[in-house]
Amino acid sequence: KTVVRIVVFLLVAALMVFLGSLSKQAAQPSSTPSQSKGNTTQTAGAPAFSDVHSVLSERGFETANMPTTYWFIEENKLKNVVSGIKGDLAFEFYEYADSETVDLVFNQISYDLSRDMEPDQREDHMTRLSEGNKLFTLNENGTYSIVIYKANTLVYAHSPETSTEIEDILMELGYIKKD
């Protein structure tokens, strides 16, 4: 199963790189900075998708027409998406209609990342944050993956284990606080 997961990860990464190169070659740049499926309903404490886009752009992430890994989960309640890639780092922001949906999506993504784990092992990688929010982290095969949610927004990101940029972005957006 590990080999299959690695192959799937490499295929997804290759697809992201390919689509990124296509978007750079396009004659007309995208008129919108992110994918939006309706009006944003900003929940207190959660970053706006436009703020996420700005932070990623300022940090050199490619954000035009980037694919997302988990867009299909509860797609009918998905309101906004921002996705960015910079080298081996990928950052995906999802805004949903409500926090109950985000909790469901969080559980599905964290399970997908840790399929070979027993429930108690998975629980060791999970942290409950204030206001009912959750954080899931996993270091596997040199890749650091994180899933975190706050209010009606969720972030899935991955990077090489040695990078701290994902945490820096999450701090800047108010998802986590520096100890």
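Residues numbered from 1 in each chain as written. Predicted model: local features only at pLDDT ≥ 70, side-chain atom pairs only at ≥ 80, totals over all residues. Heavy atoms only, no water.

## Considerations on the environment of His53
Item 1. By secondary structure assignment, the location of His53 is in helix α2 (residues 49–58).
Item 2. The exposure class of His53 is buried, given its relative accessible area of 13%.
Item 3. Within the structure, His53 has its side chain in polar contact with the side chain of Thr63 (distance 3.0 Å). (Helix = DSSP H or I, 4+ residues; strand = E, 2+ residues; numbered from the N terminus. Buried < 20%, exposed > 50% of the residue type's maximum accessible area, 1.4 Å probe, protein only. Polar contact = N/O pair within 3.5 Å; in protein donor to acceptor, adjacent residues only side chain to side chain.)

## Let's talk about the packing of aromatic side chains
Item 1. Taken as a whole and assessed by the stated rule, the structure comprises five aromatic pairs.
Item 2. For the ring pair Tyr70 and Tyr156, a centre distance of 5.2 Å and an interplane angle of 85 degrees mean the geometry is edge-to-face. You can see Tyr70 sitting in the loop between α2 and β2 (78–86) and its partner Tyr156 sitting in strand β7 (residues 153–160), a full 86 residues away along the chain.
Item 3. On the accessibility criterion, Tyr70 (6% relative accessible area) is buried.
Item 4. With 6.4 Å between their ring centres and 25 degrees between their planes, Tyr94 and Tyr96 make a pair best called stacked.
Item 5. Using a relative accessible area of 0% as the deciding quantity, one classes Tyr94 as buried.
Item 6. Its relative accessible area of 0% is what places Tyr96 among the buried residues.
Item 7. One aromatic cluster in this structure is built from Tyr70, Trp71, Phe72 and Tyr156. (Phe/Tyr/Trp six-rings, centres within 6.5 Å; stacked < 30°, edge-to-face > 60°.)

## With respect to helix α3 (residues 99–113)
Item 1. The first and last C-alpha atoms of α3 sit 21 Å apart over 15 residues, in line with the 21 Å expected at 1.5 Å per residue.
Item 2. Along α3, the positions that sit buried rather than exposed are Thr101, Val102, Val105, Phe106, Ile109, Ser110 and Leu113. Considered in projection along α3, the buried side chains sweep an arc of 160 degrees and stay on one side of the axis. (Expected span 1.5 Å × (residues − 1). Arc of directions from axis to C-beta.)

## Here's the deal with the pattern of salt bridges
For side chains of opposite charge, pairing can occur when their charged atoms come near one another.
Item 1. Taken as a whole and judged by the stated rule, the model has six salt bridges.
Item 2. For Arg59, the salt bridge is made with Glu172, and the minimal N-O distance between the two is 3.1 Å. One end of the pair, Arg59, is in the loop between α2 and β2; the other, Glu172, is in helix α5 (residues 165–172), with 113 residues separating them in the sequence.
Item 3. Residues Arg128 and Glu123 are paired through a salt bridge, measuring 3.7 Å at the closest nitrogen-oxygen approach.
Item 4. By relative accessible area, Glu123 is classed as partly exposed at 40%.
Item 5. Through salt bridges that share partners, Arg59, Lys86, Glu165 and Glu172 make up one connected network. (Salt bridge = Lys/Arg side-chain N within 4 Å of Asp/Glu carboxyl O.)

## Here's the deal with the layout of surface pockets
Item 1. If you add up the space inside the second largest pocket, you get close to 290 Å³.
Item 2. Contributing to the lining of the second largest pocket are twelve residues, with Leu129, Ser130, Tyr175, Ile176 and Lys177 lying nearest its centre.
Item 3. When the residues that make up the lining of the second largest pocket are grouped by side-chain class, the tally is three nonpolar, three polar and six charged. (1 Å grid on protein atoms, 1.4 Å probe; cavity = no way out; pocket = protein on both sides within 12 Å on 5 of 7 lines; lining within 4 Å. Points joined across faces, edges and corners; volume = space filled by probe spheres on them. Nonpolar A, V, L, I, M, F, W, Y, C, P; charged D, E, K, R; others polar.)

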